[in-house]
Amino acid sequence: MKSKEIIARRVALEFKDGDVINLGFGIPNASADYIPEGVNVILQAENGALRFGETPTKENYNANLANSGGAPITLLPGASLFDLQTSFAIIRGGHVDATVLGALEVSQDGSIANWIIPDKFAPGMGGAMDLLVGAKRVIAAIQHTTVDGQSKLLKECTLPLSAKGVLDLVITELAVFGFQDGKFLLKELAPRVSLEEVLEKTEGEVIVSDDLKTMSI
């Protein structure tokens, strides 16, 4: 199973019945394909959709329906479409129970950088600045290291921040982290991943939970 799929599958296990959940583009949006059976959530796309489902097939594809990343979506019964003003009123009004966002870096104090690598890459802030302070719960979905093996889970972010101290959970292909006493709290290890590997690939300081578990995916 590829890293991004592992993360998306684990993200979907955080969804609770009745929650309004905003999914960012990339790995977060992919989690819509792995919502556990029997769990009913209301997915919101910041570009103006409420109550959508998994990626459509060729048979039910509609080019006019897309999520925040421009990827096609399916609308579920009771879905609604609206303008950006209404969408951000939902976010800023505190009506989003959880948001899942991709990240370039996260740090042990719960800060996140996800909008620019100066002079190299600028995906843009988008709705992240509103979601990070407007959602009741914030989850970062991030690959554990860069392509050259450098940790993305840091003592301090080196890139410009999107928001400081807002994260509740970090999910990578190797592990799940919360936060405790200004450090990463290691809560779960992915199957066939050792504690030593995770500690080696995490630059930030890590507290290992007394209740450390194996990640379900």
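Residues numbered from 1 in each chain as written. Predicted model: local features only at pLDDT ≥ 70, side-chain atom pairs only at ≥ 80, totals over all residues. Heavy atoms only, no water.

Q: Looking at this structure, I do not really get helix H3 (residues 84-92). What am I missing?
A: Residue pairs three or four apart in sequence face the same way in an α-helix, which turns once every 3.6 residues. For H3, the complete set of buried residues consists of Ser87, Phe88, Ile90 and Ile91. End-on view of H3: buried residues confined to an arc of 150°, all on one side of the axis. With respect to the buried face of H3, the exposed residues turned more than 90 degrees away are Gln85 and Arg92. Structurally, H3 contributes buried residues whose contacts are with strand S1 (20-23), strand S2 (42-45) and helix H4 (128-134). Just past H3, the residue glycine 94 takes up positive phi, approximately 80°. (Buried < 20%, exposed > 50% of the residue type's maximum accessible area, 1.4 Å probe, protein only. Helix = DSSP H or I, 4+ residues; strand = E, 2+ residues; numbered from the N terminus. Arc of directions from axis to C-beta. Contact = heavy atoms within 4.5 Å.)

Q: Please clarify how the sheet that holds strand S9 (residues 153-154) should be interpreted in this entry.
A: Backbone hydrogen bonds hold the strands of a sheet together, and the pairing may be parallel or antiparallel. Spatially, S7-S6-S9 is the arrangement adopted by the three strands of the open sheet, whose pairing is mixed. Taken across any chain shown, the strands that pair with only one partner, and hence form the sheet edges, are strand S7 (112-113) and S9. Bridge count between strand S6 (residues 105-107) and S9: two bridges; the pairing is parallel. The residue of S9 that forms the bridge with serine 107 is leucine 154. (Pairing = 2+ DSSP bridges.)

Q: In this structure, what is going on with unusual backbone geometry? I would like to understand it.
A: Trans is the common state for peptide bonds, and a negative phi is the common state for residues other than glycine. In this structure, arginine 51 is a non-glycine residue whose phi angle is positive, near 75°. Tracing the sequence through the fold places arginine 51 in strand S3 (residues 49-52). Under the relative-accessibility criterion, arginine 51 is labelled partly exposed at 29%. For aspartate 119, which is not glycine, the phi dihedral falls at a positive 70°.

Q: It is not clear to me how the layout of surface pockets should be interpreted in this structure. Could you clarify?
A: As a volume, the largest pocket reaches approximately 870 Å³. What lines the largest pocket is a set of 38 residues, among which Gly102, Ala103, Leu104, Phe121 and Lys152 lie closest to the centre. Mapped by element, the contributors of at least two residues to the lining of the largest pocket are helix H1 (3-12), helix H2 (27-30), strand S5 (98-102) and H4. Reported here for the second largest pocket is a volume of approximately 200 Å³. Lining the second largest pocket are Ala32, Ile35, Pro36, Val39, Asn40, Val41, Arg51, Phe52, Gly53, Glu54, Leu76 and Pro77. Sorting the residues of the lining of the second largest pocket by element identifies S3 and strand S4 (75-81) as the ones contributing at least two each. Of the residues belonging to the lining of the second largest pocket, the class tally is eight nonpolar, two polar and two charged. (1 Å grid on protein atoms, 1.4 Å probe; cavity = no way out; pocket = protein on both sides within 12 Å on 5 of 7 lines; lining within 4 Å. Points joined across faces, edges and corners; volume = space filled by probe spheres on them. Nonpolar A, V, L, I, M, F, W, Y, C, P; charged D, E, K, R; others polar.)

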